Every structure is written in structure tokens, then in C-alpha cells.
Amino acid sequence: MSVSEPPSTSSNQPAILVLPSPFFTHTDTIRLLEAEDCDTRQVLRQVLSGAYDKPFVIDDGTTRTLHFSLSLIQSTMSLKDPFALELDYTQAMMSFQLFLQRPQHILMLGLGGGSLAKFCYRHVGSARITVVEIDPRVIAFRNEFQVPPDDARLTVIEGDGADWVVKSREWEERPDVIMMDAFDRHGLSGSVNSTDFYRNVHDALAGRGVMVANLAGEKMDRTGHMAMIAEVFDDRVLTISLVDGNDIVFAFKNPAFNPRWREIGNTAKALRARTGLDYPKYTVRLERSRRLRYL
């Protein structure tokens, strides 16, 4: 199947109920996938207790955040600059451009609030972007986060990202970049938690392709994923560890991968001038990662 003809997502999106937020000031709002005649007090009690099992959005007039629970911010958008990357982990994930500046096709596993999809849509040339999101309730918030409508460059598909990685192996234009940010309220999605999944990612990538994975959660879980990635990609792996507990992992399909850090440093400065992201900072951390792995 050609990626240019993906299945369309359902038009029967749940209604979005906007209520005054119970957390901060009276001007804040919370957006929920609930009917207007629902028991709002009961719903808000569930949100506060952690029993609420749907994604929801909090808007404080400055930022809009997507939550799976109160303790977990999945995505953040500045209302002043909706296409900016507000969270450090999303900025770090864009460091794939240090190694592949002009990908033709990006496959994203997980939509969230669409931060990465929007940034790539604006800043990564004419790359086509295919986003696979398993939860239709997350997709239902795409307009709240100003994700552009589907067009010739952007397609959002409801489905399991692991299944679509396998399907992408048959596309005429294989993905140059596969970005994995596949979380639910319990952590990393179970469908991406296997060596077979990462082997499928490796096989789906174009010849000089790059996988970028955001790993969060318990250290043992992150370590397990990094070991699987290193095994499949024959140790052609770089990492950035962030202070918030996320590990950003870059894995390279090309057997001859050998980064030229001086050239990459020049690329980082050019990318910073064009996008505003601090690519030189991430270059330093990636080079340090490479040296520590091979001391």
C-alpha cells in the first residue's frame, strides 16, 4: 500500500466540553471529551483523584497542555507561538537533523499535542509527515493544538504505530526518519516493547535512515529499551539524557555510520540560525555520548 493513500481517520470525533479549571484561577479552563449533560462535578472529582481515564487539556491562558493524568504532561503548546517546541525532550528529538537535514519522509509514532508534527511541518523542508496515533481521543484534540489539517505533506492516521512500521516496509518511499513518542497513561505503549519491534523499525528505514526514540519512565525500563536498540542497530546509537528523566535515543541504519563532529558542529549553527533551537548544545551532548560509549 502506498503511504500517499492512507486510510482516513474517523470524522465522528467526540465532543469537547470546556469547563472552568478546578486547579488554578477562575480564568483557566479544562477541556474534556464529555457530553454537555454529563455530571461535571463527578468528572472533575475523577480528574483530581486520578481515576479519570481519558486524555484532557488544561489551558491557563498562556499555555495549553495535554494530560493523561495530572502528574503527567504529555504535550505543551504556547498560545503565543503554537508551532514552537516548549518541552526539552521534543527539542532534543529534533537533533536527528544534525545527521539528516533533508529527509523526504518522516514517520511519527504518537501524536500527542502534535508539537513535533507541527515543527517538522514548518521547518523540515518539503518532508512528508505521516503520524500514527492509536488513541482516537488524542486525535480528537488536534484542533485544540492547531495541528494543520491533513494535506499532501501531513497525514494523521488512527492505528497502532507498531503495525504501521511493518506496513511502511512496503511503501514506495520508505521513511528516512522514524520518531517514536508512543505513550499512554501507563508509560511506553506495550506494542513497542520488544526486540522484534525495533528490528521492524530498522528494516523499514531507508538506507541512511535514523530512528529517534523518546524513552521515559522507570530507569530499568529505559535501560531495557536501549539494550534492544543497541542490539538491533549494531551499537550505532547515540543518546541524550535529560534532567527530567527522559532519554532520547538516536539509532542509525547505515552500517558505515561515522559522525564527523566538526561538520556536524557547523550544521548545528546553521540549524540554530534557521529554527531558533539550540542544536549546538545537543551536538556537544551527542559527541560526549559517542566518546563515553567507546572509551
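Our structure is the block above this text.
Throughout, a residue's number is its position along its own chain's written sequence, starting from 1. Since the coordinates come from a predicted model, pLDDT governs what is reported: local features require at least 70, and pairs of side-chain atoms require 80 or more to be given and counted, while whole-chain, interface and lining totals use all residues. In computing side-chain values, all of the structure's heavy atoms are included and hydrogens and water are not.

Caption draft 1: Broad picture of the overall build of the chain. Each helix is a run of DSSP H or I of at least 4 residues and each strand a run of E of at least 2, with the numbering of both proceeding from the N terminus. In terms of helices and strands, the chain carries nine helices and 14 strands. With a 1.4 Å probe rolled over the protein chains alone, any residue whose accessible area is under 20% of its type maximum counts as buried; one over 50% counts as exposed, and the rest are partly exposed. Out of the 295 residues in the chain, the part that is buried amounts to 55%. The contact criterion used is simple: two residues touch if any of their non-hydrogen atoms lie within 4.5 Å. Taking the contacts inside the chain whose residues are at least 6 apart along the sequence as the reference set, 63% of them involve residues at least 24 apart. Here the chain has roughly 14000 Å² of accessible surface; of this, 48% comes from carbon and sulfur atoms. What sets the accessible areas is the Shrake-Rupley method with a 1.4 Å probe; for residues, cover comes only from the shown protein chains.

Caption draft 2: Examining the sheet that holds strand S1 (residues 17-20) more closely. Strand order across the open sheet formed by five strands is S1-S2-S3-S4-S5, with antiparallel pairing between neighbours. The open sheet has two edge strands with one neighbour each: S1 and strand S5 (72-78). Each neighbouring strand pair of the sheet contributes to a mean axis angle of 25 degrees, computed without reference to strand direction. For two strands to be treated as a pair, DSSP must find at least two bridges joining them. Summarising the sheet, strand S3 (residues 56-59) and strand S4 (residues 63-69) pair through four bridges and their orientation is antiparallel. When the bridges of S4 are listed, Ile 58 appears paired with Thr 65. Axis geometry follows a simple rule: fit a line to the C-alpha atoms, using only the stretch in contact for helices, then measure angles between N-to-C directions, giving values from 0 to 180 degrees. Helix H1 (residues 40-49) contacts S1, strand S2 (29-32) and S3 of the sheet and is inclined by roughly 95 degrees relative to S2.

Caption draft 3: Spotlight on the packing of helix H6 (residues 195-204) against helix H7 (residues 219-232). Running from N to C, H6 and H7 cross one another at 45 degrees; their axes reach a closest spacing of 9 Å. Viewed along their axes, H6 and H7 adopt a mutual orientation that is oblique. You can see that H6 and H7 cross each other, and the crossing is right-handed. Of the residues in H7, those in contact with Thr 195, Tyr 198, Arg 199 and His 202 of H6 are His 225, Met 228, Ile 229, Glu 231 and Val 232. Residue classes follow a fixed rule: Ala, Val, Leu, Ile, Met, Phe, Trp, Tyr, Cys and Pro count as nonpolar, while Asp, Glu, Lys and Arg count as charged, and any other residue, Gly among them, counts as polar. Here the contact of H6 with H7 is built from residues that sort into four nonpolar, three polar and two charged. Geometric relationships in this document are graded by angle, where less than 35 degrees denotes roughly parallel, more than 145 denotes roughly antiparallel, 65 to 115 denotes roughly perpendicular, and other angles denote oblique. Two helices cross in a left-handed way if the nearer one is turned anticlockwise from the farther one by less than a right angle. They cross in a right-handed way if the turn is clockwise.

Caption draft 4: Representation of the nonpolar core. Working definition of a nonpolar core: buried Ala, Val, Leu, Ile, Met, Phe, Trp, Tyr and Cys residues. They are joined through side-chain atoms within 4.5 Å. Among the nonpolar cores identified, the biggest contains 51 residues, and Met 94, Phe 96, Ile 106, Met 108, Met 179, Ile 248 and Phe 250 are the most heavily contacted of them. Among all residues touching Phe 96, those that are not within four sequence positions of it are Pro 103, Ile 106, Val 177, Met 179, Val 210, Val 212 and Phe 250. In this structure, Ala 162, Met 180, Ala 204 and Ala 230 belong to the second largest nonpolar core, which totals 28 residues.

Caption draft 5: The arrangement of the packing of aromatic side chains in detail. Side-chain rings of Phe, Tyr and Trp, where Trp is taken by its six-membered ring, are said to pair if the distance between their centres is within 6.5 Å; with planes under 30 degrees apart they count as stacked, over 60 as edge-to-face, and otherwise as tilted. Throughout the structure, instances matching the rule amount to seven aromatic pairs. On the numbers, 5.0 Å between centres and 70 degrees between planes, the contact of Phe 197 with Tyr 198 is edge-to-face. Judged on exposure class, the residue Phe 197 and its partner Tyr 198 are both buried. Through pairs of rings, three or more aromatic residues link up here, namely Phe 99, Phe 252, Phe 257 and Trp 261. Across from the ring centre of Phe 83, 5.6 Å away, lies the NZ or CZ of Lys 118, which sits over that ring. Any Lys NZ or Arg CZ found within 6 Å of a ring centre and within 35 degrees of that ring's normal is scored as a charge over the ring.

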